[in-house]
Amino acid sequence: MCGIVGYIGDKNVYPILISGLQRLEYRGYDSAGIAIFNGDLNVYKCKGRVSDLENHVADKDTGGHVGIGHTRWATHGEPNDRNAHPHTSMNGNFVLVHNGIIENYAELKTTLQKKGFTFQSDTDTEVLVNLIEYFYQSGEEMDAETAVRLALSKVVGAYGIVVFCKNEKNRLIAARKGSPLVIGLGRGEYFIASDASPIVEYTDSVIYLNDLDVAIINKDSLTLKTVENAPVPFKVTKVDMSIGDLEKGDFDHFMLKEIFEQPKTIEDTFRGRIKPDHSDIVLGGLLDIFPKIMQARRIILIGCGTSWHAALVGEYMIEEYARVPVEVEYASEFRYRNPILDKNDVVIAISQSGETADTLAALRMAKEKGATILGICNVVGSSIARETDAGVYTHAGVEIGVASTKAFTAQVTVLTLFALKLAKEKGQIAPELYGSLIHELAEVPDKLKSILVMHPHIKEVAAKYKDAINALYLGRGYLFPVALEGALKLKEISYMHAEGYAAGEMKHGPIALVDDNLPVVVVAAKDSYYEKIVSNIQEVKARRGNIIAVVTEGDDTLKAMVNDVFEIPKSHPFVTPLLAVVPLQLFSYYIAVMRGCDVDQPRNLAKSVTVE
Ligand code: G6P
């Protein structure tokens, strides 16, 4: 959360900052701001989107070759102009952008106030920039870098920062702890950003900062050291991201583009991992660690939001086929509840961004307790990917829509591969079934295409229900997590209250909500629970609920029973979640558009949640 950019070089900095902030807007869009140095230090910031910032600076001087920028997801202090970044120190020597939370800011603020510092905003960030100023003024010989390191040594919490000091005009200082930062290496220029997306237009050579790294960046040189002043060697990595990945193309929204990309992203995720004759699965990233996974007494899947839903699908698959006990935990609960863990446990973190603070912290805790830690991440080089013992990347490509879609199906694809491989290595699955399930997975992309072409029908159905106040989503078995994910998508982007429920639990509460105003979305594809879910549908029908059902193609019984259907091709229940979720993504999308919501940037939400 919060996106930061910086540039130092010969180019005109303003367009670099603005387009960089636009690329990072998925991380927060409460306010935006830039600071550009061109002899004078010009700081422009305002509440709202990057486009509001552009309007705000339209008639201002934006010339200069060194600058920093920020797009905010508010933590301390409401979203307004005053609390927008960059923040300037009281004496005007330092200007800073920050992603993260300074937890001991109140204590530091009081100390600084006693020393005569005054504050303009309610933010923790302004405390940090003044703490740097304080150290800067504390000795004749003090330079900006030392002041930054001393200030950071007093800070409790998380930060990704870029700092500019007015008296050291050709230098930016960046540092991270907990919040990601990437430095792009150009010729005689450097780029800094929260992720590589603002950088790839200019260079594919990047350095990912590690926690407690401080980078001292001049136009022609880069030095890395720790907060404690120890030198740090750096590793240059090539980023594989194209500009096309970062643009909407012909689609109205990134979310819609990402929904339609799923046949390809699922295929990209399994391609190279399943043998062409469907006889076996190879998970290269897990080869060395597989003997440990085989010995695991238990597998614990952790994640947040949509990734947690993917974990639930994984639990059902791994337990059913590999017969290994699996637990699924919200990372935010797991990290604080002192779970029993030891070296016999394998903990797998599932995260699109690979940066979610709770997931990362839960993983670190599991590692400390001796568990083997693995990652299923989408963003290459992300913190979780780098801190785990091993892992499998999803190949969903850049996901920009704040509501996750293609990352979910890619995560489920990886979990499908993992469950099958483990089942095979454990001798729990007959070779014929193993081969036929791999084949089923390989057929998913084509089946998905046939669902996507039905988008006009899904849009028509969405129009019927767009004004509802509440919605209930029901599913059983593998389709229970799909119901949860369908409800989450709807509430995230359309602000319609929606609850996902295990269909068998309906009679223990949600049935009280059912009346002729309530749309009830039932994920009712043909599987071993089919008869049971048909009974649940009857129960809703008896109470005059409006039923929208995701059904298997040709299911005339349900078609006659419910108000509206989204048909999906016949498939093995094991892969059905990958198909059943897609009409629900489209349904939410169209409802949100019809309700006039900002689909890609829903209110209060953001991606890459680097605060706990
Ligand atoms: C945020 C996003 C969700 C995402 C969740 C977990 O809440 O809006 O779409 O599922 O974070 O993110 P992760 O990157 O760890 O998958």
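Small disclaimer: the values here were computed from a predicted structure and weren't measured.

**Concerning the packing of helix α14 (residues 431-452) against helix α19 (residues 576-594)**
The interhelical angle for the contact between α14 and α19, taken along N-to-C directions, is 25°, at an axis separation of 9 Å. Compared by their axis directions, α14 and α19 come out roughly parallel. Like other packed secondary-structure pairs, α14 and α19 cross with a definite hand, here right-handed. For the pair α14 and α19, contact is made by Leu 441, Val 444, Lys 447, Leu 448, Ile 451 and Leu 452 and by Leu 578, Leu 579, Val 582, Pro 583 and Leu 586, respectively. Across the contact of α14 with α19, the residue classes tally to 10 nonpolar, no polar and one charged.

**Points about the side chain of Lys 109**
With respect to the element layout, Lys 109 can be found in helix α3 (residues 105-114). For Lys 109, the residues in contact, after removing those within four places along its chain, are Phe 119, Ser 121 and Val 127.

**Structural notes on the packing of aromatic side chains**
Each aromatic ring pair is summarised here by two numbers: the centre-to-centre distance and the angle between the ring planes. In the structure shown here, the tally under the stated rule is 14 aromatic pairs. Seen from their ring centres, Phe 251 and Phe 260 are 5.7 Å apart, and the 40° between their planes marks the pair as tilted. Its relative accessible area of 24% is what places Phe 260 among the partly exposed residues. Linked through ring pairs, Tyr 316, Tyr 321, Tyr 478 and Phe 574 together constitute an aromatic cluster. Of note, Lys 526 hangs over the ring of Tyr 530, and the distance from its end group to the ring centre comes to 5.1 Å. Over the ring of Tyr 495 we find Arg 603, and its NZ or CZ is 3.9 Å from the ring centre.

**Regarding the environment of Asn 99**
Mapping Asn 99 onto the fold places it in strand β6 (residues 94-99). Along the backbone, Asn 99 and Ala 349 are 250 residues apart, and their C-alpha atoms lie at a distance of 22 Å. With residues up to four places along the chain from it excluded, the contact list for Asn 99 reads Met 1, Cys 2, Ile 4, Arg 27, Ala 158, Tyr 159, Gly 160, Ser 179, Pro 180 and Thr 610.

**Observations concerning the site of the ligand**
In the neighbourhood of the ligand, the contacting residues comprise Cys 304, Gly 305, Thr 306, Ser 307, Ser 351, Gln 352, Ser 353, Thr 356, Val 402, Ser 404, Ala 606 and Val 609. In this structure, Thr 356 approaches the ligand through a side-chain N or O atom, which is 2.4 Å from an oxygen atom. Val 402 is positioned such that a nitrogen or oxygen atom in its backbone is 3.2 Å from an oxygen atom of the ligand. The element contributing the most residues to the shell around the ligand is helix α9 (residues 305-322), with three residues.

**Structural notes on the environment of Asp 342**
Residue placement: Asp 342 occurs in the loop between α10 (331-334) and β17 (345-351). Each C-alpha atom of the pair Asp 342 and Gly 370 lies 5.0 Å from the other, and the pair is 28 residues apart in sequence. When near neighbours in sequence (up to four residues on either side) are disregarded, Asp 342 contacts Arg 297, Lys 369, Gly 370 and Ala 371. Within the local environment of Asp 342, its side chain forms a polar contact with the backbone nitrogen of Asn 344, the two atoms lying 2.8 Å apart.

**Structural notes on the domain arrangement of the protein chain**
It is common to report an interface's size as the accessible area lost on association of the parts. What the domain assignment reports for the protein chain is domain 1 (3-244), domain 2 (248-442) and domain 3 (449-601). The C-alpha-based centres of domain 1 and domain 2 are spaced at 33 Å. Taken residue by residue, the interface counts 10 residues in domain 1 and 10 residues in domain 2. Three residues stand out in domain 1 for area buried against domain 2, namely Tyr 26, Arg 176 and Tyr 208, and they jointly supply 43% of the buried area on that side.

**What to know about the sheet that holds strand β10 (residues 190-193)**
The strand order across the open sheet formed by eight strands is β3-β2-β4-β1-β10-β9-β11-β14, and the pairing between neighbours is antiparallel. Looking at the sheet topology across the chains shown, the edges are occupied by β3 (41-47) and β14 (237-238). Relative to strand β4 (residues 66-72), strand β1 (residues 3-8) runs antiparallel, the two being bridged by six bridges. Directly across from Val 5, in β4, lies its bridge partner Gly 69.

**A short note on the nonpolar core**
Ranked by size, the top nonpolar core spans 95 residues in total, and within it Leu 286, Ile 299, Leu 301, Ile 318, Phe 418, Tyr 473 and Phe 587 carry the most contacts. A per-element tally of this core places α19 first, with 12 residues. Ranked by size, the runner-up nonpolar core spans 33 residues in total, among them Val 5, Ala 32, Val 206 and Val 398.

**So, the packing of helix α7 (residues 262-270) against α14**
At a closest axis distance of 8 Å, the pairing of α7 and α14 adopts a crossing angle of 175°. Between α7 and α14, the crossing angle belongs to the class labelled roughly antiparallel. On the side of α7, the interface is formed by Gln 262, Pro 263, Ile 266, Glu 267 and Phe 270, while α14 contributes Leu 441, Ala 442, Val 444, Pro 445, Leu 448, Lys 449 and Leu 452. Here the residues of the contact of α7 with α14 sort into nine nonpolar, one polar and two charged.

**Digging into helix α5 (residues 144-153)**
With seven of 10 residues buried, α5 is to be regarded as a mostly interior element. Burial in α5 covers these residues: Ala 144, Glu 145, Ala 147, Val 148, Arg 149, Ala 151 and Leu 152. Those residues of α5 that are buried are in contact with β6, α4 (124-136), β7 (159-165), β8 (171-177), β12 (213-218) and β13 (221-226).

**Looking at the pattern of salt bridges**
Taken as a whole, this structure holds 38 salt bridges when the rule is applied. In this structure, Arg 82 engages Asp 122 in a salt bridge whose closest nitrogen and oxygen atoms are separated by 3.0 Å. With Arg 82 in the loop between β4 and β5 (87-88) and Asp 122 in the loop between α3 and α4, this pair connects stretches of sequence that are 40 residues apart. Between Glu 567 and Lys 559 there is a salt bridge whose closest N-O contact spans 3.5 Å. Each of Arg 297, Arg 298, Glu 327, Asp 342 and Asp 345 takes part in one network of salt bridges that share partners.

Quick notes on the rules
Residues numbered from 1 in each chain as written. Predicted model: local features only at pLDDT ≥ 70, side-chain atom pairs only at ≥ 80, totals over all residues. Heavy atoms only, no water. Axes fitted to C-alpha atoms, helices over the stretch in contact; angles between N-to-C directions. Helix = DSSP H or I, 4+ residues; strand = E, 2+ residues; numbered from the N terminus. Parallel < 35°, antiparallel > 145°, perpendicular 65-115°, else oblique. Left-handed = near helix turned anticlockwise from the far one by under 90°. Contact = heavy atoms within 4.5 Å. Nonpolar A, V, L, I, M, F, W, Y, C, P; charged D, E, K, R; others polar. Phe/Tyr/Trp six-rings, centres within 6.5 Å; stacked < 30°, edge-to-face > 60°. Buried < 20%, exposed > 50% of the residue type's maximum accessible area, 1.4 Å probe, protein only. Lys NZ or Arg CZ within 6 Å of the ring centre and 35° of its normal. Near = heavy atom within 4 Å. Polar contact = N/O pair within 3.5 Å; in protein donor to acceptor, adjacent residues only side chain to side chain. Domains from an automatic or database assignment. Buried area = accessible area lost by both parts, 1.4 Å probe. Pairing = 2+ DSSP bridges. Core = buried A, V, L, I, M, F, W, Y, C linked by side-chain atoms within 4.5 Å. Salt bridge = Lys/Arg side-chain N within 4 Å of Asp/Glu carboxyl O.

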